[in-house]
Amino acid sequence: MLYVINGEDVSDSLAKRMTVRPEHLRRIHDLQDAGRLILAGPYPAIDSQDPGPAGFSGSLIVAEFESLEAAQAWADADPYVTAGVYRKVTVKPFKKVLPA
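Let me sum up the structure you'll find in this document. Please read these numbers as outputs of a predicted model, since none were measured by experiment.

The next thing to look at is the packing of aromatic side chains. Summed over the entire model, instances satisfying the criterion amount to three aromatic pairs. Taken together, a centroid distance of 5.8 Å and an interplanar angle of 50° make the contact between F65 and W74 tilted. Accessibility classification places F65 together with W74 in one group, the buried group. Site record: aromatic cluster; members linked through ring pairs are Y3, F65 and W74.

See the structure below:
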C-alpha cells in the first residue's frame with residue numbers, strides 16, 4: 001500500500017538539512033531503486049523553485065510500504081528526524097486515484 005510521509009521543518013532548518021541531506025537522499029534513492037517511490041521533494045519556504053537561504057518548510061514522500069508500521073519505522077529512522085530537521089512527521093495511508 002502507498003503511504004504519505006509529511007515532514008514539517010523546525011525554524012531555520014537549512015543548515016541542519018544540508019548536513020544530513022546525502023544520507024536522506026540515499027534512503028529515498030533506495031526506495032526508488034526498489035520501485036517503491038511515487039514522488040518525493042521539499043516544500044520551498046518561499047514561492048520559488050530555488051528558495052536560497054530561505055530554505056524549506058518541510059518535505060513530502062509518497063512510497064509503497066508493507067504496512068503503516070513499516071512506513072512509520074522508515075520515517076522515524078530518517079536522518080532529517082534524527083538530526084532534528086523535522087519538528088513533526090505525519091505518516092498516513094494513501095490511495096492514488098489520478099493519474100491512472
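Taken as a class, soluble globular proteins show a tendency for nonpolar side chains to be buried jointly. Core analysis: the biggest nonpolar cluster contains eleven residues, these being Y3, I5, I28, L31, I61, A63, F65, A71, W74, A75 and V91. The set of elements that each furnish at least two residues to this core consists of β1 (2–9), α1 (14–33), β3 (56–64) and α2 (68–76). Beyond its immediate stretch of four places on either side in the chain, Y3 contacts I61, V62, A63, F65, S67, L68, A71, V91, K92, P93 and F94.

Take N6: it is sitting in strand β1. At a separation of 2.6 Å, a polar atom in the side chain of N6 contacts the side chain of Y43. What N6 contacts, discounting residues up to four positions off in sequence, is Y43, S59, L60, K88, V89 and T90.

A separate point is the environment of E66. In this structure, E66 sits in the loop between β3 and α2. By relative accessible area, which is 79% here, E66 ends up exposed. Sequence separation between E66 and L98 is 32 residues; the distance between their C-alpha atoms is 22 Å.

In this model, the largest pocket occupies a volume close to 260 Å³. Those elements giving two or more residues to the lining of the largest pocket turn out to be α1, β2 (37–44) and β3. The element contributing the most residues to the lining of the largest pocket is α1, with seven residues. Residues belonging to the lining of the largest pocket are distributed by class as follows: eleven nonpolar, three polar and two charged.

This brings us to the environment of D30. Mapped onto the elements, D30 comes out in helix α1. When its relative accessible area of 40% is taken as the criterion, D30 is described as partly exposed. Residues D30 and R87, spaced 57 residues apart in sequence, show a C-alpha to C-alpha distance of 24 Å.

The next point concerns the sheet that holds β1. The four strands lie next to each other as β2-β3-β1-β4, forming an open sheet whose pairing is antiparallel. The open sheet has two free edges, formed respectively by β2 and β4 (86–94), since each of these has just one partner strand. The average undirected angle you get between the axes of adjacent strands in this sheet is 10°. Relative to β3, β1 is paired through seven bridges, and the arrangement is antiparallel. Along β3, the bridge assignment pairs Y3 with A63.

Cut-off values and rules
- Residues numbered from 1 in each chain as written.
- Predicted model: local features only at pLDDT ≥ 70, side-chain atom pairs only at ≥ 80, totals over all residues.
- Heavy atoms only, no water.
- Phe/Tyr/Trp six-rings, centres within 6.5 Å; stacked < 30°, edge-to-face > 60°.
- Buried < 20%, exposed > 50% of the residue type's maximum accessible area, 1.4 Å probe, protein only.
- Core = buried A, V, L, I, M, F, W, Y, C linked by side-chain atoms within 4.5 Å.
- Helix = DSSP H or I, 4+ residues; strand = E, 2+ residues; numbered from the N terminus.
- Contact = heavy atoms within 4.5 Å.
- Polar contact = N/O pair within 3.5 Å; in protein donor to acceptor, adjacent residues only side chain to side chain.
- 1 Å grid on protein atoms, 1.4 Å probe; cavity = no way out; pocket = protein on both sides within 12 Å on 5 of 7 lines; lining within 4 Å.
- Points joined across faces, edges and corners; volume = space filled by probe spheres on them.
- Nonpolar A, V, L, I, M, F, W, Y, C, P; charged D, E, K, R; others polar.
- Pairing = 2+ DSSP bridges.
- Axes fitted to C-alpha atoms, helices over the stretch in contact; angles between N-to-C directions.

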